[in-house]
Amino acid sequence: MFYFFVLPAVVISYPIDYGISYFLKKSNQYPGEFEVMNDVYNSKANCDIAIYGSSRAWVHVDPKIMSDSLNLSVYNFGNDGHSFDLQYLRHLEFLKHNNKPKTIVLSVDMFSLKKEVGLYASDQYLPYMLWNKNIKNYTSSYISYTVWDYYIPAVRYIGKTEVLRESLKYLMNGSPREKYRRNGFLGMDQEWNADFEKLKAKQKFYKVKVNIDNRNLLEVFIKECKEMNINLILLYTPEFIEGQEFVVNRKEVIDIYKEFSKRYNLNFYDFSSDKICYDKTLFYNASHLNRRGAEIFTKKFASILKSNKNIYN
């Protein structure tokens, strides 16, 4: 009798799930993460150079400038607010549906090896997570989803009023005319804001807590790139000097990246001391360059990469 009622419900729930997910993926919310993941799952993210990292990747490294300079295809997979374990999840999904790149540039920062309790902007996974083993493996350790959300159609959408409204909007109006990002990148037309001053008013310093699992996963990733003959480059993009000084154990974190680069013979380009870091007009907060800053930095980085013969092999 139980199956008599449950089975029809499951059968009906799948097309409902598919419809909600289909139209939600057309949204450019979260911000633009759906666009990147759609390219990944539709095998439209093939590239010679893949840029990985957090928001500091997707607002700092302009693929067009790099492509024009290096004559190679470039895609920016930067994932807003996510540490390395979730960046690695995107890497796995990318390789599953696209050709492996010649080069991966991993943009590391103070928060790459940290791990939060909750899953930041968790709704970005909703359209893709049903029966997806990788997504379950790398998001289930966060407080966000239940085990049923990964396996039973439509369950994860229950109570998601804003998400359902967003899906309905695109059912009625169609896709946005313009994408939020371009090959994963969006330059920020912003001037310096008060974020850093507000933070300093609340606390005198910040100490990064390195998550050992993320540290170990980074080493696994490095080894995998070696095995796949992918040229891996570590990159620390410019960070405003006062923001650098605010982190009391910054050297400890940087030393982890230096240690890995030395142990595995990787190029590590650290722009922490670059003159860009001393020019507040090129930032909109202590961690993020604005569009002009990103343009100046990307041109400088692309020029340096030209001497790296491995990117052309």
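See the structure printed just above.
A short tour of the structure in this document, coming up. (Residues numbered from 1 in each chain as written. Predicted model: local features only at pLDDT ≥ 70, side-chain atom pairs only at ≥ 80, totals over all residues. Heavy atoms only, no water.)

**Quick word on the layout of surface pockets**
- If you add up the space inside the largest pocket, you get close to 940 Å³.
- Lining the largest pocket are 36 residues, with Phe-111, Leu-199, Tyr-206, Ser-287 and His-288 sitting closest to its centre.
- For the lining of the largest pocket, the secondary structure elements donating two or more residues are α3 (55-58), α5 (84-97), α9 (195-202) and α11 (241-246).
- If you tally residues by element for the lining of the largest pocket, the top one is α9, at five residues.
- When its residues are assigned to classes, the lining of the largest pocket shows 13 nonpolar, 13 polar and ten charged.
- Its volume calculated, the second largest pocket comes out at about 420 Å³. (1 Å grid on protein atoms, 1.4 Å probe; cavity = no way out; pocket = protein on both sides within 12 Å on 5 of 7 lines; lining within 4 Å. Points joined across faces, edges and corners; volume = space filled by probe spheres on them. Helix = DSSP H or I, 4+ residues; strand = E, 2+ residues; numbered from the N terminus. Nonpolar A, V, L, I, M, F, W, Y, C, P; charged D, E, K, R; others polar.)

**Notes on the environment of Leu-171**
- Turning to its location among the elements, Leu-171 is positioned in helix α8 (residues 161-173).
- Of the residues examined, Leu-171 reaches a relative accessible area of 47% and is grouped as partly exposed.
- Residues Leu-171 and Lys-102 lie 69 residues apart in sequence; the distance between their C-alpha atoms is 38 Å. (Buried < 20%, exposed > 50% of the residue type's maximum accessible area, 1.4 Å probe, protein only.)

**Examining the sheet that holds strand β5 (residues 267-270)**
- Here we have five strands laid out as an open sheet, ordered β2-β1-β3-β4-β5, and parallel in their pairing. Each having just a single partner strand, β2 (74-76) and β5 make up the two edges of the open sheet. Going from strand to strand, the sheet's axes swing by 20° on average, the running direction of each strand aside.
- Pairing geometry for strand β4 (residues 231-236) and β5, over four bridges, is parallel. For Leu-235, the partnering residue across the bridge sits in β5 and is Tyr-269.
- Docked against the sheet, helix α4 (residues 63-70) engages β1 (49-52) and β2, running at close to 160° with respect to β2.
- Together, β1, β3 (103-107) and β4 form the strand contacts of helix α10 (residues 212-227), whose direction differs from that of β3 by roughly 165°. (Pairing = 2+ DSSP bridges. Axes fitted to C-alpha atoms, helices over the stretch in contact; angles between N-to-C directions. Contact = heavy atoms within 4.5 Å.)

**Some words on empty space enclosed by the protein**
- For the coordinates displayed, the defined rule picks out one cavity of 30 Å³ or more.
- The computed volume of the largest cavity comes to approximately 40 Å³.
- Residue lining of the largest cavity: Tyr-52, Gly-53, Phe-77, Asn-79, Gln-87, Arg-90 and His-91, and that is the complete set.
- Looking at which element gives the most residues to the lining of the largest cavity, the answer is α5, with three residues.
- Across the lining of the largest cavity, the residue classes tally to two nonpolar, four polar and one charged.

**Some thoughts on the side chain of Asn-134**
- Counting through the fold element by element, Asn-134 comes out in helix α6 (residues 133-139).
- Among the polar contacts made by the side chain of Asn-134, one reaches the side chain of Glu-93 at a distance of 2.7 Å.
- Excluding anything up to four places from it in sequence, Asn-134 contacts Leu-89, Leu-92, Glu-93 and Lys-96. (Polar contact = N/O pair within 3.5 Å; in protein donor to acceptor, adjacent residues only side chain to side chain.)

**Things to note about the packing of α4 against helix α13 (residues 291-305)**
- Here α4 crosses α13 at 30°, and the two axes come no closer than 9 Å. For the pair α4 and α13, the crossing hand works out as right-handed. Listed contacts from α13 to Ile-65, Met-66, Ser-69 and Leu-70 of α4 are Glu-295, Thr-298, Lys-299, Phe-301, Ala-302 and Leu-305. (Left-handed = near helix turned anticlockwise from the far one by under 90°.)

Everything listed is a geometric property; what it means functionally is a separate question.
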